[in-house]
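Coordinates in review
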Amino acid sequence: MTVKTIIAAADTIRIRLDGAIPSDATGKVIVFSPILAEEVEPLTTLTPAVEGDTLVIPRFACGRDGVCLSYGVQVDDELLEGIQYVEAIEGSQRNFPYPVVDTKKGLQVVDYKDAKELGVRHSAINVNEGDFLMLTPEEGNTIFFEYEGRTFYFRKSHVEKMDETFIGLSEIGCVISFILLNSPHWRCHIDPAFWEIIKHPAYTGKADDGTGLISAFNLVTEEGLAYYRAFIAFLTDRYTREDMAYGRVVGMIVSNEVDAGYIWANSGDMTMEEYVTEYATALRVTWQTAASIYANMRVFVSIDHFWTVAMDENQPLRYYKTRDMLVFLNELATEQGQIPWHIAHHPYPEDLNFPDFWNDKLATPDDDAPIITFKNLEVLARFIYRPEFLLNGERRRIILSEQGFNSHWTPESEILQACAYGRAYRKIMEIPEIDSFILHSHHDNAFEFGLNLGLWRRKKEGPGMDAPKPMYYVFKAIDQKDEKGVYHWERY
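All residue numbers refer to position in the chain's written sequence, counted from 1. Side-chain atom pairs in this predicted model are given and counted only at pLDDT of 80 or more, local residue features only at pLDDT of at least 70, and totals for whole chains, interfaces and linings cover all residues. To get the side-chain values, take all heavy atoms of the structure and skip hydrogens and water.

1. Let's talk about the overall build of the protein
Cut-off, in case you're wondering: The numbering of helices and of strands both runs from the N terminus, where a helix is a DSSP run of H or I of at least 4 residues and a strand a run of E of at least 2. The buried label goes to any residue with under 20% of its type's maximum accessible area, the exposed label to any with over 50%, and the partly exposed label to all in between, with areas taken from a 1.4 Å probe on protein chains only. A positive count includes Lys and Arg, and a negative count includes Asp and Glu. His and the chain ends are not counted in either. Note that the charge is assigned to NZ on lysines, CZ on arginines, CG on aspartates and CD on glutamates.
Along the protein, the regular secondary structure elements total eleven helices and 23 strands. Considering only C-alpha atoms, the protein reaches an extent of 80 × 55 × 50 Å along its principal axes. Here the protein holds 492 residues, and the buried ones make up 57% of them. Across the protein, 47 positive and 74 negative side-chain charges occur, with their mean positions spaced 8 Å apart.

Here you go:
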């Protein structure tokens, strides 16, 4: 006898087995926290109601929402194998459809008026846990958020600033995703005592060696888990309101480029299996918490363009092969409880300095390609078409949440940049599972490693933008038809 599925109903957790418990047997449900400490004691043991092949327990038996807890079933003295986590949620507070728009055109927006003129319909915005949450309230600068019997303190000034962003993007019709981050120094000052709570306990980041920007989320301690769940619940509750008072956000990208986790989601040195096990918990908790409020929130795995090689093959405890990670993630979810994860891919050219991705040497067309760029995006598509990766019989979705093309201050390089964007757009139109192509970036950034990725050319001297580059006009024309009914991207 095994556990086949676990469903969170409005007031109960329903654990279905592959057969009915014999009438003379004793069944128990052992409830655990999902934290990944070495030893986790049970929160409680419950005697379930039995409905044929289904065991039923209260959803809130432990004083917290059972949607995010872990379950073991014991029949007499035998602990059953099978699913341990909730993999379906019923009775969410909100159930409006995931929005569909008429273009894949996206941008990391700086100027809303310009973005509206350009026809932008997708965007992804960084949100940092420590910028939103505080350890203690600040007089006149606190939003008090009640969650699971506890009050959490959110930084009002930062929340209202982010409201402006999400309202602005929503007003121009964007489908928006959060990029969930955990950095000690993003936009706001974070109390060092609070950072000690929310950072991953094995975080080794240092500001002077390129590893200090972002930590993995702390789901290893109960306090870290509580703050993270409050963060997700607050974001979901505020930005999926029916009245869209603060804008609307419908996706959550969990961390950034986790195949290069030592840089972008640091938890020290770990094997790939250890790292993915923790990341799977972050994905699961994110989805379970968010979907309890908004049923159709999409949760994404963030990956860069490496595929069957790692960014640094000499450091296997810090950088991982993306394909191996996704295979192991899917095996974990299949074994423990499915997670409706999707993919947020960054198919930058092989060399970020040069936009001509069609000349990428490592982006080969075979399934064992070392990297995946725009040249061979079909490799990623074929991968998620495999039967074992289907989600309820459907293919998982892909968004291209961050990628761009560099120019070098010459007219020729800017024309090549524009051509690269047009050719890349043509490629994504051939893959229906790709929902968006979010260009990075709107403006050139003088502090982005010497790269000029923007639609607008920055001034060589001083702040501000000089003028739109040729890519700006290709971007604007994308998804518009000419007098013969031909889309502009089809010319590239």
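Further notes follow.
2. Describing the sheet that holds strand E15 (residues 150-155)
Just so we agree on the cut-off: Any two strands with at least two DSSP bridges between them are considered paired.
Taking strand neighbours across the sheet as the criterion, the three strands line up as E13-E15-E14 in an open arrangement whose pairing is antiparallel. Across the chains shown, the open sheet's two edge strands, defined by having one partner strand only, are strand E13 (133-134) and strand E14 (142-147). As paired strands, E14 and E15 are joined by six bridges and run antiparallel to one another. By the bridge assignment for E15, phenylalanine 145 is matched with phenylalanine 152.

3. Details of the environment of valine 249
Our working rule: It only takes one pair of heavy atoms within 4.5 Å for two residues to be counted as in contact.
Looking at the secondary structure, you find valine 249 in the loop between helix H5 (222-239) and strand E17 (251-254). Expressed as a C-alpha distance, the spacing of valine 249 and phenylalanine 178, which sit 71 residues apart in the sequence, is 7.1 Å. When residues no more than four places from it in sequence are discounted, the contact partners of valine 249 are Phe166, Ile176, Ser177, Phe178, Tyr239, Thr240 and Met297.

4. Thoughts on the environment of leucine 43
Looking at where leucine 43 falls in the secondary structure, it is placed in the loop between strand E3 (27-32) and strand E4 (44-46). For the pair leucine 43 and phenylalanine 475, spaced 432 residues apart in sequence, the C-alpha separation works out to 54 Å. Apart from residues lying up to four places away in sequence, leucine 43 is in contact with Val31, Phe32, Ser33, Cys62, Arg64 and Leu69.

5. Quick look at the side chain of aspartate 114
Here is the rule: What makes a salt bridge here is a side-chain nitrogen of Lys or Arg within 4 Å of a carboxyl oxygen of Asp or Glu, nothing more. Contacts described as polar in this section are N or O atom pairs within 3.5 Å, which, within protein, must combine one atom able to donate a hydrogen with one able to accept it, while residues neighboring in sequence count only if both atoms come from side chains.
With respect to the helices and strands, the residue aspartate 114 is situated in helix H1 (residues 112-118). Comment: no salt bridge for buried aspartate 114; closest opposite-charge side chain is lysine 476, at 7.1 Å. A distance of 2.7 Å separates polar atoms of two side chains, one belonging to aspartate 114 and the other to histidine 442. The residues touching aspartate 114, leaving out its near neighbours within four places in the chain, are His442, Trp456 and Tyr472.

6. Things to note about helix H10 (residues 411-428)
To keep it simple, the criterion reads: One less than the residue count of a helix, multiplied by 1.5 Å, gives the span that helix is expected to have.
With 18 residues, H10 should reach 26 Å at 1.5 Å per residue; the first-to-last C-alpha distance of 26 Å fits that figure. Summarising the contacts, the buried residues of H10 are in contact with strand E11 (105-107), helix H9 (378-385), strand E20 (398-403), strand E21 (434-439), strand E22 (456-458) and helix H11 (470-477).

7. Examining a negative patch on the surface
Keep this limit in mind: Distance thresholds for patches are 9 Å for like charges and 5 Å for nonpolar side chains (Val, Leu, Ile, Met, Phe, Trp, Tyr), applied to residues having over 30% relative accessible area and no salt bridge. The Shrake-Rupley method, run with a 1.4 Å probe, gives the accessible areas here. Residue values count only the displayed protein chains as cover.
Taken together, the side chains of Asp24, Asp76, Asp77, Glu78, Glu81, Glu331 and Glu335 make up a negatively charged region of the molecular surface. Inspection of the secondary structure assignment puts aspartate 24 in the loop between strand E2 (12-17) and E3. Exposure remark for aspartate 24: the relative accessible area of 68% places this residue in the exposed category.

8. Regarding the pairing of strand E23 (residues 465-468)
Across three bridges, the pairing between E22 and E23 is antiparallel. Across the sheet, the residue bridging to tryptophan 456 is proline 468, located in E23. The loop that links E22 with its antiparallel partner E23 comprises six residues; one of these, glycine 462, has a positive phi angle of about 85°.

9. Quick look at unusual backbone geometry
Cis geometry marks the peptide bond from histidine 440 to serine 441; its omega dihedral reads 20°. Along the chain, serine 441 falls in the loop between E21 and E22. Positive phi outside glycine occurs at methionine 244, with the angle close to 50°. Structurally, methionine 244 is set in the loop between H5 and E17.

10. Thoughts on the sheet that holds strand E8 (residues 78-79)
Strand order in the open sheet formed by four strands is E4-E3-E7-E8, and the pairing between neighbours is antiparallel. Since the sheet does not close on itself, it has two edges, and those belong to E4 and E8, each with one partner. Bridge count between strand E7 (residues 70-75) and E8: two bridges; the pairing is antiparallel. Across the sheet, valine 75 pairs through a bridge with glutamate 78, a residue of E8.

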